[in-house]
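# Architecture at a glance
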Amino acid sequence: MSRDADREITEGPADNFTGTVSIQPQYSGDDNAERVSDVRFEAGARTAWHTHPAGQRLIVTDGTGWVQEWGKNRITVHEGDVVWFAPGVKHWHGATVGSAMAHLAVTYAVDGATADWMEHVNNDQYLGRKQGDQA
Ligand code: MN
């Protein structure tokens, strides 16, 4: 077994996140392909735009957040919601302005990578003033 206290919590790097985000790996599959992390976003925090080579499933465990796929409208998610992003679909996820949000993130490594990172989510995109494909 793996004790919670033995799994280091790290801060989401500024290149890939806006605001305060903590990440705690939960486990990797035996072949290291499946990876599960507990990701916690303070209010206002979010990922940059990114894709996952084998897709990603989010299980919202606390709070209220926003998720958005490129070219689509932002969607509000709550504790208990499960979200799937298909392989290669550009998207972001994070907290809302007024609430923190935590999710478990399930990804699968392809050639050792679980994500391809892109530009930050600007404030107009984050606040839902523009669709993802409108700068
Ligand atoms: Mn993602």
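Look above for the structure.
Let me begin by describing the structure that accompanies this report. (Residues numbered from 1 in each chain as written. Predicted model: local features only at pLDDT ≥ 70, side-chain atom pairs only at ≥ 80, totals over all residues. Heavy atoms only, no water.)

Moving on to the coordination of the manganese ion. In the first shell of the manganese ion, the protein supplies H50 (NE2), H52 (NE2), Q56 (OE1), H91 (NE2) and H93 (NE2), at 2.1 to 2.2 Å from the metal. All donors of the manganese ion come from a single chain, and their spacing in sequence reads H-x1-H-x3-Q-x34-H-x1-H. Here H52 is found in the loop between β6 (50-51) and β7 (56-69), whereas its partner H93 is found in strand β10 (residues 91-95), with 41 residues between them in sequence. Per residue, the accessibility class of H52 equals that of H93, and both read buried. (Donors = N, O, S within 2.8 Å, 3.2 Å for Na, K, Ca; no water. Helix = DSSP H or I, 4+ residues; strand = E, 2+ residues; numbered from the N terminus. Buried < 20%, exposed > 50% of the residue type's maximum accessible area, 1.4 Å probe, protein only.)

Moving on: the environment of I59. Take I59: it is sitting in strand β7. With a relative accessible area of 30%, I59 lands in the partly exposed category. Here the alpha-carbon distance between I59 and E79, two residues 20 residues apart in the chain, equals 8.0 Å.

Overall, the coordinates contain five aromatic pairs when judged by the stated rule. Ring geometry for F17 versus F41: centroids 6.4 Å apart, planes at 50°, classification tilted. With a gap of 24 residues between them, F17 in strand β2 (residues 17-18) and F41 in strand β4 (residues 34-41) connect regions that are remote in the sequence. Note on accessibility: F17 and F41 belong to one class, buried. Judged by centre distance (4.9 Å) and plane angle (85°), the ring pair of W49 and W70 falls under edge-to-face. With W49 in the loop between β5 (46-47) and β6 and W70 in the loop between β7 and β8 (75-78), this residue pair connects regions lying 21 residues apart in the sequence. Given a relative accessible area of 0%, W49 falls into the buried group. In this structure an aromatic cluster arises from ring pairing among F17, F41 and W117. Its end group placed over the ring of W66, R74 keeps NZ or CZ at 3.6 Å from the ring centre. Taking NZ or CZ as reference, K90 lies 5.7 Å from the ring centre of W49, over its face. (Phe/Tyr/Trp six-rings, centres within 6.5 Å; stacked < 30°, edge-to-face > 60°. Lys NZ or Arg CZ within 6 Å of the ring centre and 35° of its normal.)

The quantities given are spatial measurements derived from coordinates; they are silent on function.
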